[in-house]
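Structural overview for review
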Amino acid sequence: MAVTRTFSIIKPDATRRNLTGAVTKMLEDAGLRVVASKRIQMTKEQAEGFYAVHKERPFFGELVSFMISGPVVVQVLEGEDAVKRNRDVMGATNPADAAEGTIRKVHAESIEANSVHGSDSDENAKIEIDYFFKPEEIVG
Ligand code: CMP
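Everything in this summary refers to the structure shown in the same document. (Residues numbered from 1 in each chain as written. Predicted model: local features only at pLDDT ≥ 70, side-chain atom pairs only at ≥ 80, totals over all residues. Heavy atoms only, no water.)

Concerning the overall build of the chain
- Secondary structure assignment for the chain yields seven helices and four strands.
- Starting at the N terminus and ending at the C terminus, the chain contains elements arranged as β-α-α-β-α-α-β-α-α-β-α.
- On C-alpha atoms alone, the chain measures out to a radius of gyration of 14 Å, which is about the 14 Å that the 2.2 N^0.38 rule sets for 140 residues.
- By its C-alpha atoms, the chain is 40 × 35 × 25 Å across when sized along the principal axes.
- Here the analysis covers contacts within the chain between residues at least 6 apart in sequence; of these, 78% occur between residues at least 24 apart. (Helix = DSSP H or I, 4+ residues; strand = E, 2+ residues; numbered from the N terminus. Rg over C-alpha atoms; globule rule 2.2 N^0.38 Å. Contact = heavy atoms within 4.5 Å.)

Here is the structure:
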């Protein structure tokens, strides 16, 4: 299976509870390697742009407010079939539906404060990585 990359965000609910290391360990234990990482405070414009695909959704405003409510850690993850591997270890969007042992089952507080974001396709992974990282910031 091919080694690919995906994009991850450790969300404000997780950074607030000092879970950056705990979440990263779960990613690493799932076979993913952190090849880029930075802790940032997203601007409103940055969050609106990142989630533009959801802008007609009723939760868009709250989603943007939440994502700028504190620091996030944006990461590029590398591994075999990275998008699927990451989505498997993240668990379902709503922690109430997430499987045992997944990041969202263990750590998420709600469907909004769900601790992590992960790209849903290779195509979106590339777009999302490019949104936050310059090529020289990624060291595989
Ligand atoms: P994420 O993978 O970051 O992509 C969009 C986010 O919207 C999603 O995770 C959820 O955290 C958030 N969200 C908030 N409310 C809802 C909702 N009602 N349905 C789906 N996603 C929601």
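Re the layout of surface pockets
- Roughly 690 Å³ of volume is contained in the largest pocket.
- Tyr51, Val53, His54, Leu63 and His117 are, among the 25 residues lining the largest pocket, the residues nearest its centre.
- The set of elements that each furnish at least two residues to the lining of the largest pocket consists of helix 3 (44-50), helix 5 (82-90), strand 4 (116-118) and helix 7 (122-132).
- No other element matches the four residues that helix 7 contributes to the lining of the largest pocket. (1 Å grid on protein atoms, 1.4 Å probe; cavity = no way out; pocket = protein on both sides within 12 Å on 5 of 7 lines; lining within 4 Å. Points joined across faces, edges and corners; volume = space filled by probe spheres on them.)

Thoughts on the pairing of strand 3 (residues 72-80)
- Of all the nine residues making up strand 3, eight are buried; the element is thus mostly covered by neighbouring parts of the structure.
- Where strand 1 (residues 3-10) lies against strand 3, eight bridges are found, and the strand directions are antiparallel. Each bridged residue has a counterpart across the sheet, and for arginine 5 the counterpart in strand 3 is glutamate 78.
- Pairing between strand 2 (residues 33-40) and strand 3: seven bridges, direction antiparallel. (Buried < 20%, exposed > 50% of the residue type's maximum accessible area, 1.4 Å probe, protein only. Pairing = 2+ DSSP bridges.)

Some remarks on the site of the ligand
- Taken together, Lys11, Tyr51, His54, Phe59, Leu63, Thr93, Arg104, Ile111, Glu112, Asn114 and His117 are the residues near the ligand.
- Separating an oxygen atom of the ligand from a side-chain N or O atom of tyrosine 51 is a distance of 2.5 Å.
- Asparagine 114 is positioned with one of its side-chain polar atoms (N or O) 3.1 Å from an oxygen atom of the ligand.
- For the ligand, the accessible surface in isolation is 450 Å², of which the surrounding protein chains cover 78%. (Near = heavy atom within 4 Å. Polar contact = N/O pair within 3.5 Å; in protein donor to acceptor, adjacent residues only side chain to side chain. Areas by Shrake-Rupley, 256 points an atom, 1.4 Å probe, with all protein chains shown as cover.)

Keep in mind these numbers describe shape, not what the thing actually does.
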